[in-house]
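Reading the structure
Each chain, written out:
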Amino acid sequence: MADQEEVKKKKGTNIVVCGYPLSIFFIVVNEFCERFSYYGMRAVLVLYFRYFLRWDDDTATSIYHTFVALCYLTPILGAIVADSWLGKFKTIIYLSIVYAVGQIIMAISAIHDITDTDRDGVPDNMTLHRSGHGGSVTHRPGDRGHQAVRGGLRGDQFQDHQERQRSTFFSVFYLCINAGSLLSTIITPILRAQECGIYVQKQCYSLAFGVPAALMVVALVVFIAGSGMYYKAQPQGNIMLDVCKCIWFAVKNRFRHRSKQYPKKAHWMDWAEDKYEKLLIAQIKMVLKVLFLYIPLPMFWTLFDQKGFLILQPDQMQTVNPILILTLVPIMDSVVYPLIRKCGLNFSPLKRMTVGMFLAAMAFVAAALVQIEIDASEEYFTFDEDAIVVSTFMGNASIIQNVTLAMGKPSIAVAEDIKPNSVHMALQIPQYFLITAGEVVFSVTGLEFSYSQAPSNMKAVLQAGWLFTVAIGNFIVLIVAELAQIPEQWAEYVLFASLLVAVCFIFSIMAHFYTYMDPAEIEAQGGHCDFRVHLERTSNPNPPP
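Notes on the structure follow. Treat the numbers as computed from the prediction; the structure is a model and nothing was measured. (Residues numbered from 1 in each chain as written. Predicted model: local features only at pLDDT ≥ 70, side-chain atom pairs only at ≥ 80, totals over all residues. Heavy atoms only, no water.)

On to the overall build of the protein. Tallying secondary structure elements over the protein gives 20 helices and 8 strands in all. In the protein, which comprises 545 residues, the proportion classed as buried is 49%. Contacts in the protein between residues at least 24 apart in sequence constitute 79% of all its contacts with a sequence separation of at least 6. Carbon and sulfur atoms make up 62% of the accessible area of the protein, which totals about 26200 Å². (Helix = DSSP H or I, 4+ residues; strand = E, 2+ residues; numbered from the N terminus. Buried < 20%, exposed > 50% of the residue type's maximum accessible area, 1.4 Å probe, protein only. Contact = heavy atoms within 4.5 Å. Areas by Shrake-Rupley, 256 points an atom, 1.4 Å probe, with all protein chains shown as cover.)

What follows covers the packing of aromatic side chains. Counted under the stated rule, the structure contains 24 aromatic pairs. For the pair F52 and Y205, a centre-to-centre distance of 5.9 Å together with 65° between the ring planes defines the contact as edge-to-face. Highlighted residues: F52 in helix α3 (residues 45-52) and Y205 in helix α11 (residues 205-225), separated in sequence by 153 residues. For Y205, a relative accessible area of 3% corresponds to the buried category. Ring centres of F223 and Y230 lie 5.1 Å apart, and the angle between their planes is 25°; this geometry places the pair in the stacked category. For the pair shown, F223 and Y230 are each scored as buried. Pairwise contacts between aromatic rings join Y48, F49, F52, W55, Y205 and F209 into one cluster. Directly above the ring of W271 sits K265, whose terminal nitrogen or CZ lies 5.1 Å from the centroid. (Phe/Tyr/Trp six-rings, centres within 6.5 Å; stacked < 30°, edge-to-face > 60°. Lys NZ or Arg CZ within 6 Å of the ring centre and 35° of its normal.)

Looking now at the environment of L293. Relative to the elements of secondary structure, L293 occurs in helix α13 (residues 278-294). A relative accessible area of 2% means that L293 is categorised as buried. Placed 221 residues apart in sequence, L293 and Y514 show a C-alpha to C-alpha distance of 8.3 Å. In this structure, L293 is in contact with L350, F449, F507, M510, A511 and Y514, ignoring residues within four places of it in sequence.

As a further point, take the state of the cysteines. Tallying each qualifying case throughout the model produces 1 disulfide. The disulfide partner of C196 is C204, and the gap between their sulfur atoms is 2.0 Å. Judged by the sign of its S-S torsion, about 100°, the bond between C196 and C204 is right-handed. Comparing C196 with C204, the two get one shared label, buried. (Disulfide = S-S within 2.5 Å.)

This next bit is on α11. The terminal C-alpha atoms of α11 lie 31 Å apart, and with 21 residues this matches the ideal 30 Å at 1.5 Å per residue to within 8%. Inspection of α11 places Y205, S206, A208, F209, P212, A213, M216, A219, L220, V222 and F223 among the buried residues, and these make up the whole buried set. (Expected span 1.5 Å × (residues − 1).)

Moving on, we get to the nonpolar core. Judged by nonpolar contacts, the single largest core of 110 residues is most densely connected at L45, Y48, F209, L350, M357 and W466. For this core, the element with the most residues is helix α16 (residues 349-377), which contributes 10 residues. Once you skip the residues sitting within four places of it in the chain, L45 turns out to touch Y64, F67, M106 and F209. (Core = buried A, V, L, I, M, F, W, Y, C linked by side-chain atoms within 4.5 Å.)

With that settled, the discussion passes to the pattern of salt bridges. In total, this model carries 3 salt bridges according to the counting rule given. Of the charged contacts in the structure, one is a salt bridge between K285 and D270, with a shortest N-O distance of 2.7 Å. Residue K285 is located in helix α13, and its partner D270 is located in the loop between α12 (239-256) and α13; the two are separated by 15 residues in the primary sequence. Given the relative accessible area of 8%, D270 is considered buried. (Salt bridge = Lys/Arg side-chain N within 4 Å of Asp/Glu carboxyl O.)

Moving on to the side chain of N253. Here N253 is to be found in helix α12. Owing to a relative accessible area of 2%, N253 belongs among the buried residues under this scheme. At a separation of 3.3 Å, a polar atom in the side chain of N253 contacts the side chain of R256. Separated by 3.1 Å, the side chains of N253 and D274 make a polar contact. Beyond its immediate stretch of four places on either side in the chain, N253 contacts W271 and D274. (Polar contact = N/O pair within 3.5 Å; in protein donor to acceptor, adjacent residues only side chain to side chain.)

A cluster of like positive charges, contributed by K245, K252, R256 and K275, occupies part of the molecular surface. Of note, K275 is situated in the loop between α12 and α13. Looking at K275, the relative accessible area reads 56%, which means it is exposed. (Patch = residues over 30% accessible without salt bridge, like charges linked within 9 Å, V, L, I, M, F, W, Y side chains within 5 Å. Lys, Arg positive; Asp, Glu negative; His and termini not counted. Charge placed at Lys NZ, Arg CZ, Asp CG, Glu CD.)

Keep in mind that these numbers describe shape and distance, not what the molecule does.
Here it is, written out as structure tokens:
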């Protein structure tokens, strides 16, 4: 009784505004600033690697995808710390500090004047600047390390009677992070293009990293300002260690009783009943069911995180994605999903995610068609002689140069006098619309699904598992980039699209046999109830999110 009164007291501190706890608005502002910081830094990172640190294209791309992958691996560490030791609030604070310090180090290391002793605008000690890139290594644990934890904290702010608001909030959250992404992808390149320097004016990467670092500090201050309003669930011991021990015991016990003389059990985790409580076993079953569903998901992120390669024209096209998200999220929530429910269709979360994966595959099919058009529009000259004369123009001055070609009768592309291609930039819009619609249907639903199906003491862990699929997707990009020897770009797009369609089919089968759960009800009954209520097969058109 005392514990229940304490919980009510903690949740009673939340002032309600427009049906939402006031604490949520502090988290939203914090999320906006933090996402501006992350995507702002990320928007210029490859350029920084290529033109400031002077890495070649392959090295810059590999390091970039490794950076993104590691950012999505660290939530597992953050989730363990939050659920087992510090709690969500303190974990977010500490990791945010690490994040901010890392970005400040990056901003300082991007000042070319630090090692420009001869004042020619070129850093003389590139090793020092590259070691300063360790700031990005430092802030990786802080970057996404707190992301899964914050996801759990967001959901904790809602009371049981605010289920509808909590479901809607995941869309509001996605709008928020994409608003931050939109502004950062517009503003940060502008900041980078500014010239700064004490002795020689150069492109200002330090400003491009410094402003996101300042926004991260603002995010931290805003988050701390709302401290007194948050509902802060207390950590419940080293839950991950307990889970691992329980699973290991179940496996060992099952192996010891593999003989046919022992009766079979309904689930292999039931072999842990000799030592562990039924509630913990039931919670582990819930987590394992969802993690099993996550197995095909990295393929979606493999395609999605290559959306930058769909850009055929200037950097400003990157803003199309967040603009479309800001448009499509409210349309989906206010128009499309309600209309589907009124039609009596059971468009469950897993079905939405399946549709999202299919839309992403179609985006790459559209990209392949555009690439074919581009390839067909390019013009070439073929030379019969090994030695040719090349004329280049610098302003009004003409420079004539003799060039000897290495191979006999090669073909070279002419870029000065021949129009590169006749494909209009607007042809990119369909592929951007498809990849963004897929993201909205897949990612927003996935975040909501992960929270709703997680036990109360493992929500951050399951959110970390969701983000882990993004990391695996980026590692797949690295592997394919190293191993694939596909000469035609359009063929590579078709390959990825085909793989995702196959994965989409597999996921749809897995989703069909998934049993939706109510973790709160299962935990309330101590794990003794039969929670296998397959809502996919009921007449209820509105399964839990």
